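Examination of the molecular architecture
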Amino acid sequence: MEEKAIRVENVHKSYSSTNALNGVTFEVSKGSIHGFLGPNGAGKSTTMKILTKELTLCSGEVTINSEKPIGFLPEIPPLYKHMTVSNYLEFVRDIFNSRSDLSEICTRCGLSDVSHRLIGNLSKGYQQRVGIAQALVVDPEIIILDEPTVGLDPHAIKEIRELILSLKKDHTILFSTHQLYEASHLCDEVTIINHGKILKTGKIEDVKNDLVAGEVILIELDSKLSDEDRSECISKFNVEISGKENQLRIVSKEKADLRGEINRFLLDKNYIVSSLKSEEMDLEQIFQKVTSNIND
Ligand SMILES: Nc1ncnc2c1ncn2[C@@H]1O[C@H](COP(=O)(O)OP(=O)(O)OP(=O)(O)O)[C@@H](O)[C@H]1O
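Going by an unreviewed UniProt entry, the protein carries the name ABC transporter ATP-binding protein and comes from Halobacteriovorax marinus. You can read under Sequence similarities (unreviewed entry) in the UniProt record for the protein the words "Belongs to the ABC transporter superfamily."

This is the structure in structure tokens:
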């Protein structure tokens with residue numbers, strides 16, 4: 001079984017009148033990049049602050065499988081803008097009584113050329129790199145990044161994503177985002193949260209597969225599907241058919257690959273199938289579908 005770096009079991013957290021987390025359960029595999037996805041107010045920051053012990057939980061259990069402290073980049077990076085990058089990182093190293101090699105951390109984060117500059121004078125993208133660098137100063141195995149690309153321009157976003165990917169070889173990374181593109185391109189695993197509840201969690205491919213309720217097949221015929229054949233197809237394969245005439249959208253109610261069987265059925269009925277393909281939902285569509293189901 002895959003070793004887990006983080007286990008979160010049935011965690012509840014309320015702030016006076018708000019139930020922020022309602023039984024949150026998920027696991028983060030060692031060495032993975034795990035995306036924590038959800039809209040504003042979903043409970044991402046609260047969960048991360050509980051993992052880093054900034055907040056206490058009301059009930060439930062959190063297991064961190066690491067001897068070393070967690071490296072944490074909060075949503076608002078804790079930067080002293082009147083300090084130079086190197087002075088600030090030395091300051092963080094002193095606070096945590098760490099012996100990390102700061103010049104190596106600066107190299108990894110692409111900060112070597114700006115280490116003498118005041119943080120306040122750096123671009124937002126570079127300030128975020130300093131935020132990630134301070135998370136590395138404690139020499140962590142696990143790094144938690146709260147929305148590391150939010151508010152950055154597209155070029156800086158790309159660079160921060162590359163930096164996150166480069167950290168994967170030595171670290172387990174949990175990062176939050178509300179961008180599905182980011183999760184689907186960076187992550188090995190993903191957890192989707194909304195209203196303090198986990199909607200889905202697991203390997204990115206499984207989550208995608210799981211969320212697609214049934215396979216969607218798009219078919220084009222050379223002639224109109226007769227009403228009789230349409231009814232037979234619906235009952236024989238337990239599917240829904242939408243679309244008119246010769247352009248059909250078939251949704252399977254079960255999880256099965258019906259492409260071959262439906263193709264054969266249509267050929268037997270003497271239709272010419274000019275195209276038959278599966279429709280793939282991207283995570284963006286999947287997320288919309290899942291969050292709208294939950295809000296129903
Ligand atoms: N200190 C607090 N006091 C009261 N309510 C809070 C506090 N912090 C968060 N909340 C509430 O808890 C819920 C979860 O908030 P949280 O910040 O964890 O969400 P999030 O997914 O990180 O959102 P965002 O993307 O906006 O940061 C929200 O309803 C929020 O208003």
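This is not the end of the story, as more comes after the structure.
1. Notes on the environment of cysteine 106
Summarising the element assignment, cysteine 106 is placed in helix 3 (residues 102–108). Classification of cysteine 106 as buried rests on a count of 21 C-beta atoms within 10 Å. Distance in space between the C-alpha atoms of cysteine 106 and glutamate 254 is 52 Å, their sequence separation being 148 residues.

2. A closer look at the environment of lysine 200
Locating lysine 200 in the fold gives a position in strand 9 (residues 197–203). C-beta crowding within 10 Å serves as the criterion here: with 18 such atoms nearby, lysine 200 is assigned to the partly exposed category. Taking the C-alpha atoms as reference points, lysine 200 and phenylalanine 26, 174 residues apart in sequence, are found 9.0 Å from one another.

3. Re the packing of helix 2 (residues 85–95) against helix 4 (residues 124–136)
At their nearest, the axes of helix 2 and helix 4 sit 9 Å apart, and the two run at 30° to each other. Accordingly, the angle class assigned to the pair helix 2 and helix 4 is roughly parallel. Note on packing geometry: the crossing formed by helix 2 with helix 4 is right-handed. In this structure, helix 2 contributes Val85, Tyr88, Leu89 and Val92 to the contact, and helix 4 contributes Val130, Ala133 and Gln134. Here the contact of helix 2 with helix 4 is composed, by residue class, of 6 nonpolar, 1 polar and no charged.

4. Overview of unusual backbone geometry
It is generally the case that most residues other than glycine have a negative phi and that most peptide bonds are trans. In this structure, glutamate 147 is a non-glycine residue whose phi angle is positive, near 45°. You can see glutamate 147 is positioned in the loop between strand 6 (142–145) and helix 5 (154–167). Notably, histidine 195 is not glycine yet its phi reads approximately 50°, a positive angle. Here histidine 195 is to be found in the loop between strand 8 (189–194) and strand 9. Judged by C-beta crowding, with 17 C-beta atoms within 10 Å, histidine 195 ranks as partly exposed.

Reading the values: the criteria
- Residues numbered from 1 in each chain as written.
- Predicted model: local features only at pLDDT ≥ 70, side-chain atom pairs only at ≥ 80, totals over all residues.
- UniProt positions renumbered as here; feature names shortened; annotations may be inferred.
- Helix = DSSP H or I, 4+ residues; strand = E, 2+ residues; numbered from the N terminus.
- Buried ≥ 20, exposed ≤ 12 C-beta atoms within 10 Å, placed from the backbone.
- Axes fitted to C-alpha atoms, helices over the stretch in contact; angles between N-to-C directions.
- Parallel < 35°, antiparallel > 145°, perpendicular 65-115°, else oblique.
- Left-handed = near helix turned anticlockwise from the far one by under 90°.
- Contact = placed C-beta atoms within 7 Å.
- Nonpolar A, V, L, I, M, F, W, Y, C, P; charged D, E, K, R; others polar.

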